[in-house]
Amino acid sequence: METLIPTINRLQEVFLTVGAEIIQLPQIVVVGSQSSGKSSVLESLVGRDFLPRGSGIVTRRPLVLQLVNVPPLKERLKSENGIKAEEWGTFLHCKNQIFTDFQEIRKEIESETNRGTGDNKGISPEAINLKIFSPNVLNLTLVDLPGITKVPVGDQPEDIEAQVQEMILSFISNPNSLILAVSPANSDLATSDALKLARDVDPDGRRTLLVVSKLDLMDAGTDALEVLLGRVIPIRLGIIGVVNRSQHDINTQKTLQDSMKDEHAFLQRHYPSLASRAGSRYLAKTLSRLLMHHIRDCLPDLKTRVTVLSSQHQAQLNSYGQPVEDHSATLLQIVTKFASDYCNTIEGTARHIQTSELCGGARICYIFHETFGRTLQSIDPLGGLTDLDILTAIRNATGPRPALFVPEVSFELLVKRQIKRLEEPSLRCVELVHEELQRIIQHCSSFSTQELLRFPKLHDSIVEVVTGLLRKRLPITNEMVHNLVAIELAYINTKHPDFTDAAQVSASVNSQQADTADGGKRWKNEKVSEERTPAVGFGSPSKSQAINLLDTAMPVSRKLSAKEQRDCEVIQRLIKCYFLIVRKGIQDSVPKTVMHFLVNHVKEHLQSELVGQLYKQPLLQELLIESQETAQQRTEVAQMLEALKKANTIISEIRETHLW
């Protein structure tokens, strides 16, 4: 199990090199209020003075401290020609630089802190990574955080308290971290800010260890025995008391070794029953033991997490593709893939099928049979035609002679007027299909191969070519649909098999009128009445009125005679019958025309059009320029994948037997 902590340190270094913390590694996070003695506790674990000191907030950036136990210098010199120093430190931001003077380590921490936070008292979440090698330390990984503060000083923002708490919570919320809460003995433990934050993220106390510092500074006649025994606030992982160096000891440069001797003597005098379970040395051993067991518990999930992330990043890297080597082959591959996806979307065989809305061929089918079909069905065959319109058309068709029969010219005139109404919805159908074919371009761009998204200029050029092809076919299709209606208007086929004969319609109308007119007598009386009474509806002028033959107003409404009613009904039936025949044909022929001249033509000529427009040597280099964002993302994902592979190798080196 001794290899577990160095393994976690190696993993931490691997992920820090790529600047990401996608794996929550086991570590010990030190939390405490300002001047609670955190720095003294950490220095006692190392056995050297190396942390910046001063008044106010001193730790202004997280310090990730890795302690690595190494053999003494004499033993190392026998086996290798390594660093000729008993103890030394290295920083992640100082590549290949070794610090053997711990005063230099302190200065480097101060300068790096000022570089990230300013010369005053600002804070920053960017961590400083320090690794200390010494034969006098136990393998540990700790994170020293800024002390909890209440009042901003210097150039600190007004919300400095919230910022510090947010930073602390971001570290201790990691379920794989152990929380080392430091609280001074000369303050009330019930008001400890460190314990309060620890309780917020670890209510069961499974990850929290309490260190009671400054045992020697308690008021005379009082002690911390009840606190250390857990009778005031029980802590599951334990409570350890320590004696910190005083400011006088620091000023007189009292060594940590002498301080530890004095600490041991103090504990023997004041806490003899707890002396073996208190002090800095016992704290170091406890932390090392807890961290090793915690790593052992976290390791299975850690291995699973690394494996899953490796698979995800490998798939993401594959989606970005490889850098372009053969421009011609790459262009043909992308163009062919896009054309195939476009056609498959129309045919309904695409890999990415929408579930939220209709698209592609399904939407075109909906336009043909639902939108266009319902629109045609909603058109009234006699819509816009009044009885007066029909009578006027009949009279205009007969000229100066009264008509004995319904003139055929009036029927053709009126039915053409109704057939013309079918042109607008037919052209609208073409427009809707054209819009859907445009939408398919964006659909294929979104769900097509990532290769296309890598090259913005190629993507824009493909969209432009397809849009141009659709734009070129649209007027041709509109013209053909216009011709369909024009063909129907060109020749009114009254001999159509489905068209009712006019004589039969007239006979049917006469028969119905005879049944409702008492054997026809009333019709004769009305006929006589018509002959005696001038037709008011057509405005026969009175003798006293001036007659204007060129400007006679048509009547708005009047009661029709039986003959006029008969003639109107005959014309209406004939118009309705013939209109339904034409509408049925238009409803069938317009979709076929759109499919042939627009949809199928685009499908058949799309790839050749793309190749012809884009596969040109001068354009290849320009079109296949990769976007800077994609190149950067590929590099980042490749680095992360490499880090995950290294992490997987490091974890695999741990044998299962080492875990127990």
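This one's a predicted model, so the numbers in the text were calculated from it and none came from an experiment.

K.L.:
Please give an account of the overall build of the chain that cites residues and values.
P.N.:
Tallying secondary structure elements over the chain gives 22 helices and nine strands in all. Taking all 660 residues of the chain together, 46% fall into the buried category. On the chain, roughly 34,800 Å² of surface is accessible, and the fraction owed to carbon and sulfur atoms is 51%.

K.L.:
Quick one: what's the story with the pairing of strand β5 (residues 128-134), residue by residue and with numbers?
P.N.:
Counting buried positions along β5 yields seven of seven residues, so the element is predominantly enclosed. Side chains I128, L130, I132 and S134 project from β5 onto one buried face, and the interleaved N129, K131 and F133 project onto a second face that is buried too. Sheet topology places strand β2 (residues 63-69) next to β5; seven bridges connect them, and they run parallel. Opposite L63, over in β5, you have I128 as the bridge partner.

K.L.:
For the pattern of salt bridges, give the residues involved together with the corresponding values.
P.N.:
In the structure shown here, the tally under the stated rule is 24 salt bridges. In this structure, K472 and E609 form a salt bridge, with 3.8 Å as the shortest nitrogen-oxygen distance. Note that K472 is positioned in helix α17 (residues 456-490) and E609 in helix α20 (residues 562-614), a separation of 137 residues in sequence.

K.L.:
Hey, could you go over the side chain of E423 for me, with residue numbers and the actual values?
P.N.:
Relative to the helices and strands, E423 is located in helix α15 (residues 423-447). Judged by its relative accessible area of 11%, E423 is buried. In this structure E423 touches H482 and V485, once residues within four positions along its chain are discounted.

K.L.:
Tell me about helix α11 (residues 327-347), residues and numbers included.
P.N.:
Given a rise of 1.5 Å per residue, 21 residues ought to cover 30 Å, and the 30 Å separating the end C-alpha atoms of α11 matches this to within 8%. In the stretch just after α11, G348 is the one whose phi turns positive, near 85 degrees.

K.L.:
Give me the environment of V227: which residues, what numbers.
P.N.:
Mapped onto the elements, V227 comes out in helix α7 (residues 225-228). Judged by its relative accessible area of 18%, V227 falls in the buried class. V227 sits 13 residues away from I240 along the chain, and the two C-alpha atoms are 9.6 Å apart.

K.L.:
I'd love a proper account of the packing of α17 against α20, names of residues and values included.
P.N.:
The description of two packed helices rests on the angle between their axes and on the distance between the axes. Remark: α17 packs on α20, axes separated minimally by 9 Å, with the N-to-C direction vectors making an angle of 155 degrees. Put simply, α17 runs roughly antiparallel to α20. Crossing hand, α17 versus α20: right-handed. Of the residues in the contact of α17 with α20, the class split is 22 nonpolar, seven polar and four charged.

K.L.:
Tell me about the side chain of K38, residues and numbers included.
P.N.:
Considering the arrangement of structural elements, one finds K38 in helix α2 (residues 38-46). Overall, the relative accessible area of 6% leaves K38 in the buried class. Here D144 takes part through its side chain, which lies 3.1 Å from a polar atom of the side chain of K38. A distance of 2.9 Å separates a polar atom in the side chain of K38 from the backbone oxygen of L145. For K38, the contacting residues outside a window of four places in its chain are V30, V31, G32, S33, D144, L145, P146, G147 and V182.

K.L.:
Before we move on, could you go through the sheet that holds β2 and cite the residues and values that matter?
P.N.:
Spatially, nine strands are ordered β4-β3-β5-β2-β6-β1-β7-β8-β9 in an open sheet, and the strand pairing comes out mixed. Edge strands, defined here as strands with exactly one partner in the open sheet, are β4 (98-99) and β9 (239-241). Across four bridges, strand β3 (residues 88-91) lies against β5 in antiparallel orientation. Bridging across to β5, F91 finds its partner in L130.

K.L.:
How would you sum up the packing of aromatic side chains? Please name residues and give values.
P.N.:
Scanning all chains against the criterion turns up five aromatic pairs. Consider the rings of F91 and F99, whose centres lie 5.3 Å apart with planes at 85 degrees: the pair is edge-to-face. With relative accessibility at 7%, the residue F99 sits in the buried group. An angle of 85 degrees between the planes, with centres 6.2 Å apart, marks the rings of F411 and Y578 as edge-to-face. Within this pair, whereas F411 is found in helix α14 (residues 408-419), its partner Y578 is found in helix α20, the two being separated by 167 residues in sequence.

K.L.:
Got a sec to walk through the confidence of the model for the chain? Specific residues and values, please.
P.N.:
Summary statistics for the chain give a mean pLDDT of 81 and a share of 83% for residues scoring 70 or more. With pLDDT under 50 throughout, residues 519-524 is counted as low confidence; its partners more than four residues away or in other chains account for five contacts.

K.L.:
Please provide a residue-by-residue account of the nonpolar core, values included.
P.N.:
Formed by 68 residues in total, the largest nonpolar core has its most connected members in Y342, L437 and L610. Among the elements of the structure, α11, α12 (361-377), α13 (387-398), α14, α15, α17, α20 and α21 (617-623) are those that each provide at least two residues to this core. With 19 residues, α20 is the largest single contributor of residues to this core. Residues within four places of L610 in sequence aside, it is in contact with V335, F338, A339, I462, V465, V466 and Y615. F15, L67, L130 and L290 belong to the second largest nonpolar core, which has 56 residues in total.

K.L.:
I'd like to hear about the pairing of strand β8 (residues 208-213), residue by residue, with values.
P.N.:
Looking down a regular strand, the side chains alternate between one sheet face and the other. With six of six residues buried, β8 is to be regarded as a mostly interior element. Side chains of β8 alternate between two faces, with T208, L210 and V212 and L209, V211 and S213 buried alike. As paired elements, strand β7 (residues 177-184) and β8 share six bridges and run parallel to each other. Paired with L180 across the two strands is L209, which belongs to β8. Crossover handedness for the path β7 to helix α6 (residues 193-201) to β8: right-handed. Pairing of β8 with β9 involves three bridges; the strand directions are parallel. Among the inter-strand pairings, V211 is bridged to a residue of β9, identified as I240.

K.L.:
Summarise α14; cite the residues concerned and give the values.
P.N.:
Between its first and last C-alpha atoms α14 spans 16 Å; for 12 residues at 1.5 Å apiece the expected length is 16 Å, and the two agree. For α14, the full list of buried residues reads S410, F411, L414, V415, Q418 and I419. The buried residues of α14 occupy an angular sector of 160 degrees when the element is viewed end-on, so they sit on one face. Seen from the buried face of α14, the exposed residues on the opposite side, beyond 90 degrees, are V409 and L413.

K.L.:
An account of the packing of α14 against α20 is needed here, citing residue identities and associated values.
P.N.:
With their axes 10 Å apart at the nearest point, α14 and α20 run at an angle of 45 degrees to one another. Classified by the interaxial angle, the pair formed by α14 and α20 is oblique. Viewed along their axes, α14 and α20 form a crossing whose handedness is right-handed. Taking contact as the criterion, the partners of S410, F411, L414, V415, Q418 and I419 in α14 are, on α20, I571, L574, I575, Y578, F579 and V582. The residue inventory of the contact of α14 with α20, partitioned by class, reads 10 nonpolar, two polar and no charged.

Definitions and cut-offs
In every chain, residue numbers begin from 1 and rise along the written sequence. Predicted model: local features are reported for residues with pLDDT of at least 70 only, side-chain atom pairs are reported and counted for 80 or more only, and whole-chain, interface and lining totals are derived from all residues. Excluded from the side-chain calculation are hydrogens and water; included are all heavy atoms of the structure. Put simply, DSSP marks the helices as runs of H or I at least four residues long and the strands as runs of E at least two long, and each gets a number from the N terminus on. Each residue gets one of three labels from its accessible area relative to the maximum for its type: buried under 20%, exposed over 50%, partly exposed in between, using a 1.4 Å probe on protein chains only. Each accessible area is a Shrake-Rupley estimate made with a 1.4 Å probe; only the visible protein chains count as cover when residues are assessed. In this scheme, strands are said to pair when DSSP sees at least two bridges between them. Salt bridges, as used here, are contacts in which a Lys or Arg side-chain nitrogen is within 4 Å of a carboxyl oxygen on Asp or Glu. Residue contacts follow a heavy-atom distance rule, with two residues in contact if any of their heavy atoms lie within 4.5 Å. Expected span, for any helix, means 1.5 Å times one less than how many residues it has. What counts as an axis is a line fitted to C-alpha atoms, over the stretch in contact for a helix, and the angles between N-to-C directions run from 0 to 180 degrees. Oblique is the label for every angle not falling under 35 degrees (roughly parallel), over 145 degrees (roughly antiparallel), or within 65 to 115 degrees (roughly perpendicular). Here a crossing is called left-handed whenever its near helix is offset anticlockwise from the far helix by less than a right angle, and right-handed whenever the offset is clockwise. Just so you know the grouping, Ala, Val, Leu, Ile, Met, Phe, Trp, Tyr, Cys and Pro go in nonpolar, Asp, Glu, Lys and Arg go in charged, and all remaining residues, Gly too, go in polar. N or O atoms within 3.5 Å of each other form a polar contact, as long as, within protein, one can give a hydrogen and the other can take it, and as long as residues adjacent in sequence are counted only when both atoms are side-chain atoms. Each pair of aromatic rings taken from Phe, Tyr and Trp, with Trp reduced to its six-membered ring, is defined by centres within 6.5 Å and is described as stacked if the planes are under 30 degrees apart, edge-to-face if over 60, and tilted in the remaining cases. You can read pLDDT as the predictor saying how much it trusts each residue, on a scale of 0 to 100. For the purposes of this section, nonpolar cores are sets of buried Ala, Val, Leu, Ile, Met, Phe, Trp, Tyr and Cys residues that join through side-chain atoms within 4.5 Å. A clockwise course of the path from the first strand over the helix to the second, judged with the strands pointing away from the viewer, identifies a crossover as right-handed. The arc refers to the directions leading from the helix axis to the C-beta atoms.

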